[in-house]
Amino acid sequence: MPNSNYQTLNYLVENQIAKITLDCPPANLINREMTLDYHHALERAGSDPEVRVIILSGSGNGLSGGVDLKYIENFNSDEMMEFLELFYVQTMKITRALSKPIIAAVHGYAREGACTLAFSCDMIIAATDSDFGYPGVPNLAAPPGMHVWFLQRMIGRMKAAELVFTGQVLKAKQAEEMGLITKTVPPTKLMTAAEELANRIAMMSPLAIKRTKELLYKMEDLDFTEVPMEAAKALSSAFSSADSKEARKAFLEKRKPRWTGK
């Protein structure tokens with residue numbers, strides 16, 4: 001049974017994987033309570049030495065239908081700003097600061113804020129029956145927030161403009177072809193595929209994964225002239241770690257490494 005004290009999601013740790021499942025029927029709509037629950041679950045997984053990888057998924061018919069429009073219906077600009085500082089700003093800070101990779105396992109629908117949750121993860125496995133949509137312009141008469149950044153970085157401005165101006169729904173296969181997601185699998189294989197990927201990562205040095213994740217996001221914002229030196233620093237500094245020494249020794253001795261995370 002899930003170990004959960006949350007109202008809007010379930011939390012379970014097994015085999016070094018923390019599984020966070022949005023569970024707020026009927027559509028797992030996002031509000032302040034769910035955002036706070038998600039932040040707490042992420043930080044809980046991040047501080048648990050038994051957890052190596054995190055999987056985010058949704059119960060029911062999809063990951064999430066996005067932000068609850070009834071919740072924000074009567075918001076003014078100040079109230080919306082307060083909520084978005086929590087949902088956008090704090091979510092990005094927490095996910096980027098985590099030393100452990102997050103895999104989104106997406107089935108059914110992922111709309112607007114659900115796409116924010118998915119694309120703030122490090123990898124996305126999507127069922128072939130899933131689709132992604134950014135209906136900020138048609139549904140809110142407002143820019144679709146974080147997706148302006150995510151989509152431009154991942155698929156370029158031209159295609160991003162089409163998706164965000166029209167609110168067009170993007171099928172999982174299309175998203176895979178564009179490089180928006182890691183891969184697609186049949187719906188019945190979704191959690192198996194996510195767990196297989198998580199298990200492969202969990203076998204690696206936790207220190208190496210932590211440092212690699214830090215480097216991925218650091219390099220994203222660097223000018224290329226800074227990249228070679230940053231790469232050299234990251235790789236060379238790792239060589240003094242116990243895990244790096246163990247990795248080299250295990251390779252030469254043709255055995256599995258024994259990680260200490262140091």
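All of the points below concern the structure found in this document. Treat the numbers as computed from the prediction; the structure is a model and nothing was measured.

This part takes up the pattern of salt bridges. Scanning all chains against the criterion turns up 13 salt bridges. Residue Glu195 pairs with Lys19 through a salt bridge whose shortest N-O separation is 2.7 Å. Of the two residues, Glu195 sits in helix H9 (residues 190–202) while Lys19 sits in strand S2 (residues 17–22), which places them 176 residues apart along the sequence. Among the residues examined, Lys19 registers a relative accessible area of 12% and is labelled buried. In this structure, Lys159 and Glu162 form a salt bridge, with 2.6 Å as the shortest nitrogen-oxygen distance. You can see Lys159 and its partner Glu162 sitting in helix H7 (residues 157–166), three residues apart, about one turn around the helix. Here Glu162 falls in the partly exposed class, since its relative accessible area comes to 35%. What emerges from the salt-bridge pattern is a single network uniting Glu14, Lys19 and Glu195.

Glancing now at the packing of helix H6 (residues 147–155) against H7. At a minimum axis distance of 7 Å, the contact between H6 and H7 shows a crossing angle of 140°. In this view, H6 runs oblique relative to H7, as classed from their interaxial angle. Relative to H7, H6 is oriented so that their crossing is right-handed. Contacts between H6 and H7 involve Leu151, Gln152 and Ile155 on the former and, on the latter, Arg157, Lys159, Ala160, Leu163 and Val164. The class makeup of the residues in the contact of H6 with H7 is five nonpolar, one polar and two charged.

Conventions adopted
Residues numbered from 1 in each chain as written. Predicted model: local features only at pLDDT ≥ 70, side-chain atom pairs only at ≥ 80, totals over all residues. Heavy atoms only, no water. Salt bridge = Lys/Arg side-chain N within 4 Å of Asp/Glu carboxyl O. Helix = DSSP H or I, 4+ residues; strand = E, 2+ residues; numbered from the N terminus. Buried < 20%, exposed > 50% of the residue type's maximum accessible area, 1.4 Å probe, protein only. Axes fitted to C-alpha atoms, helices over the stretch in contact; angles between N-to-C directions. Parallel < 35°, antiparallel > 145°, perpendicular 65-115°, else oblique. Left-handed = near helix turned anticlockwise from the far one by under 90°. Contact = heavy atoms within 4.5 Å. Nonpolar A, V, L, I, M, F, W, Y, C, P; charged D, E, K, R; others polar.

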